[in-house]
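Summary of structural features
The chain contents come next:
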Amino acid sequence: MTSFFPSKTVALYMGRMFLVRTFGILAGLVLVLQALDLLGESGKILAVPGNTDAQVWQYMSLRVPQIIARFLPFSVLLGTILTLITMNQNSEIVALKSSGMSAHQVLAPLITASMAIAAISFVFNDRVVSRATATLSQWQKVNYGTLPIDRGDRSNVWVRTGDDLIEVDQIRGRGDAARLGGVTLYERDGGKLRTIITAPTGRRSGDGWAIGPAKRFDVATGQQRDVGTIVIARGVTPDQFTLSSVNADGLSFRALNEAIDDLAAAGRPTAALEGSLWHKLSGPLSSVLMPLLGAVAAFGIARSGKLFVRAVIGMALGFAYFVADNFALAMGNLGAYPPFLAAWAPFLLFLLIGEAVLLRTEE
């Protein structure tokens, strides 16, 4: 055959069947998992004074994208197996192979559709999931209180300067343009707390940070007084505030890449974040693997009674990939694996395993 898709009709038929089953399974998983998640979180949300059902729906709008991103590859795997089992039971696979199509040609429509899913998944993760994750993370840090508005802000940042500790509720901007909100300085002497200085705002001033209007509380005397605008944290650079806590899941691909460059310029370790950056590409591409790993369910005679066994093998291969992927990421975060290897090794390994199984059994 000169064309990899010998029949446009068959390709559209298989692609449509695959997509309907995949997104149907995904919708069911999202519905069930979100309901289970609300059992634990709705009580925490409604326990905050002023929160109503509107905040519960707001939580759902932030949580649903995360569930979709996490379970889309699972849905592709199950959609693949369900599609191929149905076609096998109806002898459609036998008809396709008897017409001269190879196993790869039978799977071609599903692989093409999964490539489209992978592209959509990357855009969805980059534009929707990252923003929802950043906002939900900040909201949870304030125990579902007032929802932070700026999704690019960093919150609840701690920095140490000498023996003193600085806590900042929220940081906006980068570099010398960074603005601090809710600043608390704990001045210590030999580990013993002496004074607490608080101020609502702060900005860069020379080699330090000007905060004000500030109030100083003396621990020994218990007295508090206004001190106006003062400069604290001399020698503390902006990156120590803005880069002290980088949430890879809450940043887009471009923003995370910029954060890694800033950390590298500041001499900070970036291996774990580099692994997460690569995984923002390899993660969505895992959808392309699922038709190949679930392909074992497509072949073999349905009347032989081994169709269920083949389906179980397909699911086992798919779930083994997810286990290996999470394990590799964990090893990358610990520094045991290089970032590129942590993100791409499971994908490449199971691509070879899937091809080997398909070639050995059907080609």
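For the structure given in this document, a descriptive report is provided here. Along every chain, residues carry numbers that run from 1 in the direction the sequence is written. Confidence filtering applies because this is a predicted model: local features only for residues at pLDDT of at least 70, side-chain atom pairs given and counted only at 80 or more, and all residues used for totals across whole chains, interfaces and linings. Side-chain measures were taken over the full set of non-hydrogen atoms in the model, leaving aside hydrogen atoms and water.

1. Here's the deal with the overall build of the protein chain
Along its length, the protein chain carries 9 helices and 6 strands. C-alpha atoms define the radius of gyration, and 2.2 Å times the number of residues to the power 0.38 defines the globule rule. Taking 363 residues into account, the globule formula puts the C-alpha radius of gyration at 21 Å, and the protein chain, at 27 Å, lies well above it. Think of it in three bands: with a 1.4 Å probe and only protein chains considered, a residue is buried below 20% of the maximum accessible area for its type, exposed above 50%, and partly exposed in between. Of all 363 residues assigned to the protein chain, the portion counted as buried reaches 43%. We call two residues contacting when some pair of their heavy atoms lies within 4.5 Å. Counted over contacts in the protein chain with a minimum sequence separation of 6, partners at least 24 positions apart contribute 60%. Side-chain charges of the protein chain comprise 32 positive and 27 negative groups, with the mean position of each set lying 5 Å from the other. A helix here means a DSSP run of H or I that spans at least four residues, while a strand means a run of E at least two residues long, and both kinds are numbered starting from the N terminus. Residues scored as positive are Lys and Arg, those scored as negative are Asp and Glu, and His as well as the terminal groups of each chain are ignored. Lysine's charge is taken at NZ, arginine's at CZ, aspartate's at CG and glutamate's at CD.

2. A short note on the pairing of strand β2 (residues 164–172)
Two faces make up the sheet, and in a regular strand the side chains alternate between them. A strand pair is defined by DSSP finding two or more bridges across the two strands. One ladder, built from 7 bridges, connects β2 with strand β3 (residues 179–189); its direction is antiparallel. When the sheet's bridge partners are listed, L165 is paired in β3 with Y186. From the end of β2 to the start of β3, which pair antiparallel, there are 6 residues, and G173 there has a positive phi angle of about 85 degrees.

3. Concerning helix α2 (residues 53–89)
The span one expects for a helix is its residue count, reduced by one, times 1.5 Å. The end-to-end C-alpha separation of α2 is 47 Å, well short of the 54 Å expected for 37 residues at 1.5 Å each. Bend, in this description, refers to the angle at a residue between axes fitted to the seven residues ending there and the seven starting there. At F71, α2 is deflected by roughly 45 degrees, the largest bend along its length, and proline P73 occurs up to four residues later in sequence. Taken from the residues just after α2, S91 is the one with a positive phi, measuring 65 degrees.

4. Here's the deal with the pattern of salt bridges
The salt bridge criterion pairs a side-chain nitrogen of Lys or Arg with a carboxyl oxygen of Asp or Glu, the two atoms within 4 Å. For the structure on display, the rule yields 7 salt bridges. A salt bridge links R216 to E187, with the shortest nitrogen-to-oxygen separation between them at 3.2 Å. Pair noted here: R216 is in strand β5 (residues 208–218) and E187 is in strand β3, with a separation of 29 residues, a long-range link. On the basis of relative accessibility, which here comes to 23%, the residue R216 falls in the partly exposed class. Residue E187 is classed as buried on the basis of its relative accessible area of 16%. The closest approach of N and O atoms between R234 and D207, which form a salt bridge, is 3.0 Å. Remark: D207 occurs in the loop between β4 (192–205) and β5 and R234 occurs in the loop between β6 (224–232) and α5 (238–242); sequence separation between them is 27 residues. Given the relative accessible area of 41%, D207 is considered partly exposed.

5. So, the pairing of β6
Pairing of β5 with β6, which is carried by 7 bridges, proceeds in the antiparallel orientation. By the bridge assignment, A214 is partnered in β6 with G228. Hairpin connection, β5 to β6: the antiparallel pair is bridged by 5 residues, and G222 has positive phi, about 75 degrees.

6. Structural notes on unusual backbone geometry
Cis peptide bonds are those with omega within 30 degrees of zero, and the linkage from G212 to P213 qualifies with -15 degrees. Along the chain, the position of P213 falls in strand β5. Phi at S91 takes a positive value of approximately 65 degrees, unusual for a residue other than glycine. Summarising the element assignment, S91 is placed in the loop between α2 and α3 (92–98).

7. Some words on the packing of helix α1 (residues 8–46) against α2
Direction vectors running N to C along α1 and α2 enclose 145 degrees, while the axes themselves pass 5 Å from each other. The hand of the α1/α2 crossing is right-handed. Residue polarity follows a fixed list, in which Ala, Val, Leu, Ile, Met, Phe, Trp, Tyr, Cys and Pro are nonpolar, Asp, Glu, Lys and Arg are charged, and the others, Gly among them, are polar. Its residues assigned to classes, the contact of α1 with α2 shows 24 nonpolar, 8 polar and 5 charged. Angles here are taken between N-to-C directions and fall from 0 to 180 degrees, while the axes themselves are lines fitted to C-alpha atoms, restricted in helices to the stretch in contact. Note on convention: near helix rotated counterclockwise from far helix by under a right angle means a left-handed crossing. Clockwise means right-handed.

8. Thoughts on the environment of L165
Here L165 is to be found in strand β2. On a C-alpha basis, the gap between L165 and A233 in space is 9.3 Å, while along the polypeptide they are 68 residues apart.

9. What about empty space enclosed by the protein?
Buriedness of a pocket was judged along seven lines, with at least five required to meet protein on both sides within 12 Å; pockets are open sets of points on a 1 Å grid over the protein atoms alone, cavities are sets where a 1.4 Å probe fits but cannot get out, and lining residues have an atom within 4 Å of a point. Grid points are joined across faces, edges and corners, and a volume is the space filled by probe spheres set on the points. Scanning all chains against the criterion turns up 3 cavities of 30 Å³ or more. If you add up the space inside the largest cavity, you get close to 50 Å³. For the largest cavity, the lining is made up of 12 residues, of which L292, A295, V296, V357 and L358 are closest to its centre. The set of elements that each furnish at least two residues to the lining of the largest cavity consists of α7 (271–293), α8 (307–334) and α9 (339–361). A total of 4 residues in the lining of the largest cavity trace back to one element, the largest contributor, which is α9. Within the lining of the largest cavity, the residues separate by chemical class into 8 nonpolar, 2 polar and 2 charged.

Function-wise, these values are silent; they only describe arrangement.
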